[in-house]
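For reference, the chains in residue letters:
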Amino acid sequence: MWEESFDTEHEVGCKLDYSPVSWREYFDQMEDVSVGPADSRDVFRIYKAGNDGPLLVLLHGGGHSALSWAVFTTAIASRVTCRVLAMDLRGHGDTLVRQSDDFSTQTMSSDIANVIGACYGETPPPIVLIGHGVGGAIAVHTASNMLLPTTVGLVAIDVVEGSATEALHSIQNFLKGRPKSFKSMDHAIEWSVKSGQIRNLEAARVSMVGQIKRCEVEVASPVTDVVVESNEEFYDQKYVNDKENAASEVSLSEGKNNSEEQLMESASLPKESPMKTEDEPAGLTTTNRTVGDSVYMWRIDLSKSEKYWDGWFRGTSNLFLACNLPKLLLLAGIDRLDRDLTIGQMQGKFMMQVLPPCGHAVQENKPDKVAEAVASFLLRHKFAEARRETRSANSFTR
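Residue numbering note: each chain is counted from 1, following its sequence as written. Per-residue local features are limited, in this predicted model, to residues with pLDDT of at least 70; the limit for side-chain atom pairs, both in listing and counting, is 80 or more; totals at the level of whole chains, interfaces and linings are taken over all residues. As a rule here, side-chain values come from all non-hydrogen atoms in the structure, and water together with hydrogens is ignored.

Asks: Looking at this structure, I do not really get the packing of helix α2 (residues 105–120) against helix α3 (residues 134–144). What am I missing?
Replies: What describes two packed helices is the angle between their axes and the distance between those same axes. To obtain an axis, a line is fitted to C-alpha atoms, over the contacting stretch when the element is a helix, and the angle between two such axes runs from 0 to 180 degrees between their N-to-C directions. In this description a helix means any DSSP run of H or I spanning at least four residues, a strand means any run of E spanning at least two, and both kinds are numbered starting from the N terminus. Where α2 contacts α3, the axes come no closer than 9 Å and their chain directions differ by 75°. On the basis of their axis angle, the class for α2 and α3 is roughly perpendicular. Residues T105, M108, S109 and I112 of α2 touch α3, and the partners they reach there are I138, H141 and T142. Here the residues of the contact of α2 with α3 sort into 3 nonpolar, 4 polar and no charged. Oblique is the label for any angle not covered by the other classes, which are roughly parallel (under 35 degrees), roughly antiparallel (over 145) and roughly perpendicular (65 to 115). Two residues form a contact once any of their heavy atoms are found within 4.5 Å. Side-chain classes are defined by residue name, with Ala, Val, Leu, Ile, Met, Phe, Trp, Tyr, Cys and Pro counting as nonpolar, Asp, Glu, Lys and Arg as charged, and the others, Gly among them, as polar.

Asks: Hey, could you run me through the confidence of the model for the chain in this one?
Replies: The predicted coordinates ought not to be read in detail in places where the model reports low pLDDT. Residue-level confidence of the predictor is summarised by pLDDT, bounded by 0 at the bottom and 100 at the top. Residues at a pLDDT of 70 or more form 73% of the chain, whose mean pLDDT is 79. Considering only residues more than four positions removed or in separate chains, one finds that residues 1–12, a stretch of pLDDT under 50, has 41 contacts.

Asks: Sorry if this is basic, but what is going on with the sheet that holds strand β4 (residues 83–87) here?
Replies: Note on sheets: strands pair through backbone hydrogen bonds, and any given pair is parallel or antiparallel. Taken together, 8 strands build an open sheet; the order of strands is β1-β2-β4-β3-β5-β6-β13-β14 and the sheet is mixed. Both edges of this open sheet fall to β1 (29–35) and β14 (351–354), since each of them pairs with a single strand only. On average, each strand axis in the sheet is inclined to that of its neighbour by 20°, with strand direction left out of account. In this sheet, β4 lies alongside strand β2 (residues 42–49) in antiparallel orientation, the contact comprising 4 bridges. By the bridge assignment for β4, A49 is matched with V84. Most of the contacts of helix α13 (residues 367–380) go to strand β13 (residues 327–331), to which it runs at about 165°, and overall it touches β3 (55–59), β5 (127–132), β6 (151–157), β13 and β14. Pairing between two strands is assigned when DSSP locates at least 2 bridges connecting them.

Asks: Any chance you could explain the pattern of salt bridges here in plain terms?
Replies: Once the charged atoms of two side chains with opposite charge are near each other, the side chains can pair. Only one rule defines a salt bridge in this text: a Lys or Arg side-chain nitrogen within 4 Å of an Asp or Glu carboxyl oxygen. If you walk through the whole model with that rule in mind, you get 13 salt bridges. Between E372 and R79 there is a salt bridge, with the nearest N and O atoms lying 3.6 Å from each other. Residue E372 is found in helix α13, and its partner R79 is found in the loop between α1 (70–77) and β4; the two are separated by 293 residues along the sequence. Categorising residues by exposure relies on relative accessible area from a 1.4 Å probe, with only protein chains included: less than 20% of the type maximum marks a residue as buried, more than 50% marks it as exposed, and the intermediate range marks it as partly exposed. Among the residues examined, E372 registers a relative accessible area of 39% and is labelled partly exposed. Since its relative accessible area comes to 17%, R79 is described here as buried. Each of the salt bridges in this network shares a partner with another, and the network as a whole consists of D32, R45, D94 and R299.

Asks: What is the right way to read the nonpolar core from this model?
Replies: It is characteristic of soluble globular proteins that their nonpolar side chains tend to be buried jointly. Core analysis: the biggest nonpolar cluster contains 55 residues, and F27, L56, I76, I130, V374 and L378 have the highest contact counts within it. A total of 7 residues in this core trace back to one element, the largest contributor, which is α13. Those residues in contact with F27, other than ones at most four positions away along the chain, are Y47, K48, A49, A66, L67, W69, A70, T73, V84 and A86. Remark: nonpolar core denotes a set of buried residues (Ala, Val, Leu, Ile, Met, Phe, Trp, Tyr, Cys) joined through side-chain atoms within 4.5 Å. V35, F44, L148 and W309 belong to the second largest nonpolar core, which has 47 residues in total.

Asks: Help me understand the side chain of H64 in this model?
Replies: Looking at where H64 falls in the secondary structure, it is placed in the loop between β3 and α1. Residue classification places H64 among the buried residues on the basis of a relative accessible area of 6%. Only 3.2 Å separates the side chain of H64 from the side chain of Q211, close enough to count as a polar contact. Nitrogen and oxygen atoms within 3.5 Å of one another constitute a polar contact, given that in protein one can donate a hydrogen and the other can accept it, and given that sequence-neighbouring residues count only through two side-chain atoms.

Shown next as structure tokens:
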């Protein structure tokens, strides 16, 4: 669903800034946390903010990174007193693990517990697990297995078993259709916004850094070349559905006639006219590179993890309903709701909020709306206290 216009283009003809922004604008600190035996440790990249209140453990969607929570972190911290820990899941971002191809729910939920244990010991503060997409499924499994005893709440963002499993058959074709590389980080950020992957330019400028990485190109022949350490990115299932059901599409990769097309949300580019910036193509061809050139490739190839896809979502709705915790489900559209969750919601087993149409990357596209919903959930259950300035604003409006 792509009903909204981009938030980033407020002025017609305004030249937008697609340059990357540092994580330091949103988080207080970055750490590499080591877990496991001393002779074979896994290292997880985490970002932290805040010193008091409940600990919000933020788990990103497939192919993204902890930086997808950057703008949301600023938004939630301005509303309630809380601590934030956002982590790169295994195989994602800057996390380095020995078995990087193990994406089972058991392993990934154990990762969450191990990282929290390494950071806070046996008595961490009260925890609210918040996950988006695949991260939401992992949050549900972590809570269901009671791996973090101090967990007091669970928030799942746009992850529904029924619609997710229905989209699994489309993922491989989708993965083969996107641009495989970009000539610069700026081009990747521009593509992410104009393709509709991330509709909020501010979020894209910080989060795309966690999705792609710089790789050196070794020219093997005048026509072909080898990219050292090339990777591909994975999009969550709802984005696949939205793309396939789109009314209009656009080719985003020059010279790739068989490329999968993406929906342009506000002003679609002509199908015959690939996206360009200052007359430059978003993707790179194999005929204009020289030795020593670098390209920006996706950090992760989750197409090889197909055997785990069904396990991420199968049974998630019932696990979510069975968790004996206050729960909040945020959806990007009411059509996402499956039968089990519909019945559970009617029975009052969890709070639910449907946000205005905003695409699958909910916390990036509408960080303030998500922060408002999460803050209301935290305040309702007395998990956190409102910021003084928030209280004053609420009193004034009343």
